[in-house]
Protein chains: 2
Amino acid sequence: MSSALTDLFPLPIVQAPMAGGVSVPQLAAAVSEAGGLGFLAAGYKTADGMYQEIKQLRGLMNRPFGVNVFMPQPEYPGASTGSTGAANAAPPSGAVEVYAHQLAGEAAWYETELGDPDSGRDDGYDAKLAVLLDNPVPVVSFHFGVPSREVFDKLRRAGTFTLVTATTAEEARAVEQAGADAVIAQGVEAGGHQGTHRDLPENDGSGIGLLSLVAQIREAVSIPIVAAGGIMRGSQIAAVLAAGASAAQLGTAFLATPESGAQAVHKQALTNPLFARTELTRAFSGRPARALVNRFVREHGPYAPAAYPEINHLTSPLRKAAAKAGDAQGLSLWAGQGHRMARELPAGQLVAVLAEELDAARTALSAQGGPR
Amino acid sequence: MSSALTDLFPLPIVQAPMAGGVSVPQLAAAVSEAGGLGFLAAGYKTADGMYQEIKQLRGLMNRPFGVNVFMPQPEYPGASTGSTGAANAAPPSGAVEVYAHQLAGEAAWYETELGDPDSGRDDGYDAKLAVLLDNPVPVVSFHFGVPSREVFDKLRRAGTFTLVTATTAEEARAVEQAGADAVIAQGVEAGGHQGTHRDLPENDGSGIGLLSLVAQIREAVSIPIVAAGGIMRGSQIAAVLAAGASAAQLGTAFLATPESGAQAVHKQALTNPLFARTELTRAFSGRPARALVNRFVREHGPYAPAAYPEINHLTSPLRKAAAKAGDAQGLSLWAGQGHRMARELPAGQLVAVLAEELDAARTALSAQGGPR
């Protein structure tokens, strides 16, 4: 059952796809070469940009790897159309404009302009799928929703193993029913965007801790589980395997490696005592994402509407300008709850250390098995 | 190191103390008799009420058990006194009165009156400690803060093993430095009150998932860790042991047993699909506590000030009246994130099943150790 996934790579260690230039081919190559599963992040890229990275990665190594694709965000259900389905809750009328007004001072400060909130809702989904069917890759994962059964059928025929993020047992059931090969259980600890299928503000504050989520999903579905959220040590990988997962997915742990494409200011912030805590915020994108609490999150988070991807488009120039200025207080410093445990090891070495820690934890746990 | 704790009881299973009449002597006795560690909850009781329960429990069995004590809540730091220390943030002037005004309709509906918010801040702490030093018990745990070193010294001389709740690595360090024998790592998944040492509203939304918290605390202190929050299955106990804990503490799992003193309406609500999610709310007590989201939480949670124990006193008659009426929509339905996994087994049988599941998970994990 879980063999199909773990046959692809010897160690139960998946490098989380991190969009925005973090999961570069060099990082994915190092992880896959070390026996884990490296991942590229197609999010925010064009289909061709994604394809170029895939070719680059294939030039670096011959091991299996994955590509993560963001699901298109349907139009909001309108009174006129009466459409419902999988759409996010519609933001209150004018909410994006009000938030843009609030951010005007940021744009002035960083000497840039706000982005156009209406720059598209589908992140090039169809074009990316076409590339991935024409040039199949070993693994494809989806975030922010569930593709149609047809998509899974096509990818399976292409020889691609499929994963979809779930943040609740209900979402995991939807993932299994649609025909995915495995489910990513994303705990509330995870850095970056929660892959919640529909963003409904009334569910804010209900994010589920990883260890509870894995147990709930284990009893809800029979497909393999990849556990994600706050995992920084091999002992935690042992923990999620004990709870019923087939592998662990780590983002922040790999963000800190030299191979990652994260901004230097972002890497340094992970262990900077100035940034003591993280929270889920809509400040940067309009969807809940876990970031280190900095000035931007504190000032704007409480006022950011649930409007993805409009807010993401809106703040894009601000984030670029803050990055260029090396200003950690204006950047989206995505980070999981274990950020202070980040190690600067090269990615391949990190995989080896995690595997050693996993073995040690396994041995210690079985040694406790007898009478004490 | 951790032997002192686990020598007291053969299985790494602690029954969480649940105040408000849930952790009755019958429940603690069943858990301790089955090889776990049963717990009484002294919170909201008089010192004599606590003592009567201890005597009752001792009449039921001769195994080790624990008693949980709430820390007194210091007066708010006032501009006049300039005191700071361990006090919670002061609520805005008049906030308790405004909330009382909001709850007036509830009092009318349930035909009762609101409680007096100024009914005391110390929960009889000194008197309870005096009883526990005069008549020592095997284990004492503390919630909502850290006792002085003197208290730990006296309890140690009395032969009592001590534990204190921590919700962050910083709090765990404070627990170790004060002289406690072990620390309870309470994840954000946990039902009921978070044992945060100081309630600071600016930290809302920063609750840490259990698996991340255990790993962080494991590297911050050398005393043993008891892991709490969302644990409902033996596989999850194996998980926290793999992550470095010495035992797991389960509340909601035992709340559902026939021995627990929880209201029938509360037990039934745990698995009622009407209550699909939980959240941390100040609605009932003024301090963040995880409850099933019902009408009371939805209507009042967003407006409840950070004012513990004032709000707890204020709502006490409402909660009693709702319980008497069997009205799940007005009760504080404390529940951890795994509530839907609750099993109605007798407590001793639940301990046995958890131990079997733990062994199975241990065996399965060590079997994965070789090449695959």
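Refer to the structure above for everything that follows.
Residues numbered from 1 in each chain as written. Chains lettered and ligands numbered in written order. Predicted model: local features only at pLDDT ≥ 70, side-chain atom pairs only at ≥ 80, totals over all residues. Heavy atoms only, no water.

Colleague: Tell me about the pattern of salt bridges, and name the residues and values.
Modeller: Oppositely charged side chains are able to pair whenever their charged atoms sit close together. All names here are of chain A. Considering all chains together, one arrives at 30 salt bridges over all chains under this definition. A salt bridge links Glu299 to Arg295, with the nearest nitrogen and oxygen atoms 3.3 Å apart. Residue Glu299 and its partner Arg295 are located together in helix H13 (residues 295–300), separated by four residues, close to a single helical turn. The partly exposed category is assigned to Glu299, whose relative accessible area is 41%. With relative accessibility at 22%, the residue Arg295 sits in the partly exposed group. Among the charged side chains, a salt-bridge network with shared partners connects Glu106, Arg295 and Glu299. (Salt bridge = Lys/Arg side-chain N within 4 Å of Asp/Glu carboxyl O. Helix = DSSP H or I, 4+ residues; strand = E, 2+ residues; numbered from the N terminus. Buried < 20%, exposed > 50% of the residue type's maximum accessible area, 1.4 Å probe, protein only.)

Colleague: An account of the interface of chain B and chain A is needed here, citing residue identities and associated values.
Modeller: Taken together, the contact between chain B and chain A spans 49 residues of the former and 49 residues of the latter. Both faces considered, chain B and chain A share a buried interface measuring about 3,600 Å² in area, 47% of it formed by carbon and sulfur atoms. Our enumeration of links across chain B and chain A arrives at four salt bridges. A salt bridge links Arg340(B) to Glu170(A); the shortest N-O distance between them is 2.7 Å. Joining chain B to chain A, the criterion identifies 19 residue pairs in polar contact (both at pLDDT 80 or more). Those elements that place two or more of their residues in the side of chain B that touches chain A are helix H8 (210–220), helix H9 (234–242), strand S10 (278–281) and helix H14 (347–367) of chain B. Broken down by element, the residue count for the side of chain B that touches chain A peaks at seven residues, all from H9(B). For the side of chain B that touches chain A, a count of residues per class yields 18 nonpolar, 18 polar and 13 charged. (Contact = heavy atoms within 4.5 Å. Buried area = accessible area lost by both parts, 1.4 Å probe. Polar contact = N/O pair within 3.5 Å; in protein donor to acceptor, adjacent residues only side chain to side chain. Nonpolar A, V, L, I, M, F, W, Y, C, P; charged D, E, K, R; others polar.)

Colleague: Mind laying out the nonpolar core, listing which residues take part and the relevant values?
Modeller: One broad trend across soluble globular proteins is that nonpolar side chains are buried collectively. Judged by nonpolar contacts, the single largest core of 228 residues is most densely connected at Val67(A), Phe142(A), Phe254(A), Val67(B), Phe142(B) and Phe254(B). Aside from chain neighbours lying at most four places away, what touches Val67(B) is Phe39(B), Leu40(B), Ala42(B), Met50(B), Ile54(B), Leu132(B), Val137(B), Val139(B), Val140(B) and Ser141(B). (Core = buried A, V, L, I, M, F, W, Y, C linked by side-chain atoms within 4.5 Å.)

Colleague: With reference to specific residues and values, describe helix H8 (residues 169–178) of chain A.
Modeller: All names here are of chain A. Within H8 the residues assigned to the buried category are Ala169, Glu171, Ala172, Val175 and Ala178. The elements touched by buried residues of H8 are helix H7 (149–157), strand S5 (161–166), strand S6 (182–186) and helix H9 (210–220). Positive phi appears at Gly179, one or two residues downstream of H8, with a value of about 110°.

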